[in-house]
Amino acid sequence: MKKHSLHSSPSTVPFILLSAALVALIFFVVYPNEFRLQSIVTSRCGSRQPSSVATFIEPVAPKPDFRLLMGILSLPDSYERRHLMRNVYALQPNITNAQIDVRFVFCNLTKEEQRVLVAMEIVLYDDIIILDCGENMDRGKTYAYFSSLPKMLEGSNGGDRPYDYVMKVDDDTYFRLHNLAESLRKMPREDVYYGLINPCWIPQHKTNYMTGMGYLLSWDLVEWIATSELPRKNQVGPEDFQTGLWMREGGRGKKFNMEPAMYDYMEEPRTCHRHEFIPDTIAVHKLKSHLRWARTLNYFNVTAGLKPSKLYHIP
């Protein structure tokens, strides 16, 4: 029997040398490059901490109690009013566990200056919704607003509804967002028709509707408006009355009347929807001048604690 030699035959030597060369190539060429890549990442991102896994996990924001879209009906040329209202809502404190998105709503842009100046607003603030309609007050703009939203916002909140509530608001109405949010926390999330009932002196009248100063619909009602023939065929007329007609004729919308917390700015004669400021106010309507806005904001201490910057004289 032949004994196996421990020495390699001459034919296997080139194979061994080739294998050794490949190992050396991997070790000295590939690994150093990997180490260099790691050093680049480390120098740019900082050294890793022992608890590096937790460092890369972003905190999950708690789901809000509700989401509300507040659509302020505006006109393309109302630049000054939009600027005022942005300041008014920006100065209000953040609302805990609620998402309130304030947007300005108008129809198609028709002038050269609108296309440029409104585009600047969109770039800066991203708070404008432009509908495909002719600009109007009582000939279908409110219908266009509500009926466009389901398709416009489809998929914007994953598989969930984009908003729980949608508001239509006049641009001469001031809402106190904290009080508005607190009034909504315990509300149902469906079949809600919320606002200041008109006429307020006969609140159970069959033709009551929520005044156009600012009223709210739950999302299911918005989806119904987008698909029902009843609203589509009844667009023309005072928009707040027409919305009430949709609810009444369609057998929808449980009414939630916010009197006396929603009211008009005080004028004579005094009525149930026109009275002095009250501390628990949700909304004040008919702020049609700077003076009225100033008096309203001053009463609710909107600018309390704000101080103008010091002016320094430069010789």
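Residue positions are given per chain, counting from 1 as you read along its sequence in written order. Where totals are concerned, whole chains, interfaces and linings use all residues; where local detail is concerned, this predicted model gives features only for residues with pLDDT of at least 70, and gives and counts side-chain atom pairs only at 80 or more. Excluded from the side-chain calculations are hydrogens and water; all other atoms, namely the structure's heavy atoms, are used.

**Q** Report on the pattern of salt bridges, specifying residues and quantitative values.
**A** Within this document, salt bridges are pairs made up of a side-chain nitrogen of Lys or Arg and a carboxyl oxygen of Asp or Glu, the two lying within 4 Å of each other. All chains considered together, the criterion is met by 17 salt bridges. Measuring nitrogen to oxygen at the nearest pair gives 2.8 Å for the salt bridge that ties Glu 121 to Arg 82. On the criterion of sequence distance, the pair formed by Glu 121 in helix 4 (residues 112–125) and Arg 82 in helix 3 (residues 79–90) is long-range, its members being 39 residues apart. To qualify as a helix, a DSSP run of H or I must reach at least 4 residues; to qualify as a strand, a run of E must reach at least 2; elements of each kind are numbered from the N terminus.

**Q** Can you explain the sheet that holds strand 6 (residues 192–195)? Please cite residues and give values.
**A** Spatially, seven strands are ordered 3-2-1-4-9-6-10 in an open sheet, and the strand pairing comes out mixed. The open sheet has two edge strands with one neighbour each: strand 3 (128–130) and strand 10 (254–257). The mean inter-strand angle of the sheet, taken between neighbouring strand axes irrespective of direction, is 25 degrees. Relative to strand 4 (residues 165–169), strand 1 (residues 67–73) runs parallel, the two sharing five bridges. By the bridge assignment for strand 4, Leu 68 is matched with Tyr 165. DSSP calls a pair of strands paired once it identifies at least 2 bridges connecting them. To obtain each axis, a line is fitted to C-alpha atoms, and for helices this fit is confined to the stretch in contact; angles are then taken between N-to-C directions over 0 to 180 degrees.

**Q** Describe the state of the cysteines, listing the residues and the values that go with them.
**A** Note on terminology: disulfide denotes any pair of cysteine sulfur atoms within 2.5 Å. Applying the stated criterion across every chain, the model contains two disulfides. Here Cys 107 engages in a disulfide with Cys 133; their sulfurs sit 2.0 Å apart. One disulfide, between Cys 107 and Cys 133, carries an S-S torsion of -80 degrees and so falls in the left-handed class. Placement of the pair is Cys 107 in the loop between strand 2 (99–106) and helix 4 and Cys 133 in the loop between strand 3 and helix 5 (141–152), with a sequence separation of 26 residues. Taken as a pair, Cys 107 and Cys 133 share a single burial class, namely buried. With a sulfur-sulfur separation of 1.9 Å, Cys 200 is cross-linked through a disulfide to Cys 272. Given an S-S torsion of about 80 degrees, the disulfide between Cys 200 and Cys 272 has right-handed geometry. Remark: Cys 272 occurs in the loop between strand 11 (262–264) and strand 12 (283–285) and Cys 200 occurs in the loop between strand 7 (197–198) and strand 8 (209–210); sequence separation between them is 72 residues. Taken in N- to C-terminal order, the disulfide-linked cysteines of the protein chain are connected 1-2, 3-4. When a residue's accessible area, from a 1.4 Å probe over protein chains only, is under 20% of the maximum for its type it is buried; when over 50% it is exposed; and in between it is partly exposed.

**Q** Can you explain unusual backbone geometry? Please cite residues and give values.
**A** The omega torsion of the bond from Asn 198 to Pro 199 falls at -5 degrees, within 30 degrees of zero and hence cis. Considering the arrangement of structural elements, one finds Pro 199 in the loop between strand 7 and strand 8. The linkage connecting Glu 268 with the following residue, Pro 269, adopts the cis geometry, with an omega of -5 degrees. Relative to the elements of secondary structure, Pro 269 occurs in the loop between strand 11 and strand 12. Non-glycine residue Asn 97 carries a positive phi angle of around 55 degrees.

**Q** Summarise the side chain of Lys 141; cite the residues concerned and give the values.
**A** Among the secondary structure elements, Lys 141 is positioned in helix 5. Distance and chemistry together define a polar contact, namely a pair of N or O atoms within 3.5 Å, with one atom able to donate a hydrogen and the other to accept it when in protein, and with adjacent residues in sequence counting only for side-chain atoms on both sides. Side chain to side chain, Lys 141 and Glu 135 meet in a polar contact 2.5 Å long.

**Q** Just give me the short version of the nonpolar core, but keep the residues and values in it.
**A** Remark: nonpolar core denotes a set of buried residues (Ala, Val, Leu, Ile, Met, Phe, Trp, Tyr, Cys) joined through side-chain atoms within 4.5 Å. Of all hydrophobic cores here, the largest spans 44 residues; its most connected members are Met 70, Phe 175, Leu 180 and Tyr 194. The contact criterion used throughout is that any non-hydrogen atoms of two residues lie within 4.5 Å. Apart from the residues lying within four places of it in its own chain, the contact partners of Leu 180 are Leu 68, Met 70, Met 167, Phe 175, Tyr 194 and Ile 282.

**Q** A description of the environment of Leu 117 should follow, citing residues and the corresponding values.
**A** Note on placement: Leu 117 falls in helix 4. C-alpha separation for the pair Leu 117 and Tyr 79, spaced 38 residues apart in sequence, amounts to 8.7 Å.

**Q** Give me the lowdown on a nonpolar patch on the surface, citing residues and values where you can.
**A** Each patch is built from salt-bridge-free residues with over 30% relative accessible area, joining like charges within 9 Å and nonpolar side chains (Val, Leu, Ile, Met, Phe, Trp, Tyr) within 5 Å. Here, Shrake-Rupley sampling with a 1.4 Å probe gives the accessible areas, and only protein chains in the shown set may cover a residue. Taken together, Val 116, Leu 117 and Met 120 make up a surface patch of nonpolar side chains, about 260 Å² in accessible area. Secondary-structure assignment places Val 116 in helix 4.

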